[in-house]
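Observations on chain architecture
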Amino acid sequence: MATPPPDITLDEVRDRIRVAGVPIPESRLALIHGFLRDALRPIRALDTREALTLEPAPTFDAAAERDRHGRR
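In this report, the structure presented in the accompanying data block is examined.

A word on the pattern of salt bridges
- A complete count under the given rule lists seven salt bridges for this structure.
- The residue Arg41 makes a salt bridge to Asp7 at a minimum N-O spacing of 3.5 Å. You can see Arg41 sitting in helix 2 (residues 29–45) and its partner Asp7 sitting in the segment before helix 1 (10–20), a full 34 residues away along the chain.
- What makes Asp7 partly exposed here is its relative accessible area of 42%.
- The partner of Arg41 in a salt bridge is Asp38, and the shortest N-O contact between them spans 3.6 Å.

A look at the nonpolar core
- One finds Ile8, Val13, Ile17, Leu29 and Leu40 forming the largest nonpolar core, which totals five residues.
- Of all the secondary-structure elements, those providing two or more residues to this core are helix 1 and helix 2.
- Ignoring any residue separated from it by four or fewer positions in sequence, one finds Leu29 in contact with Leu10, Val13, Arg14 and Ile17.

Rules behind the numbers
- Residues numbered from 1 in each chain as written.
- Predicted model: local features only at pLDDT ≥ 70, side-chain atom pairs only at ≥ 80, totals over all residues.
- Heavy atoms only, no water.
- Salt bridge = Lys/Arg side-chain N within 4 Å of Asp/Glu carboxyl O.
- Helix = DSSP H or I, 4+ residues; strand = E, 2+ residues; numbered from the N terminus.
- Buried < 20%, exposed > 50% of the residue type's maximum accessible area, 1.4 Å probe, protein only.
- Core = buried A, V, L, I, M, F, W, Y, C linked by side-chain atoms within 4.5 Å.
- Contact = heavy atoms within 4.5 Å.

So, in structure tokens, the structure goes:
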């Protein structure tokens, strides 16, 4: 059985808020921490090594010059 993932820390929440550029007052930090912790818990618990891939992921080249409906 896998060990449970570590919970997100308050410092990680502060970093995410700073990077997102969202003005959240320090008084709401505990509330946001709880929301983010609860939202990320299932994702962090997922072991991607157990997930089977069915097919390769598609890749896209937005700068491709050929094969655009027969035009260049």
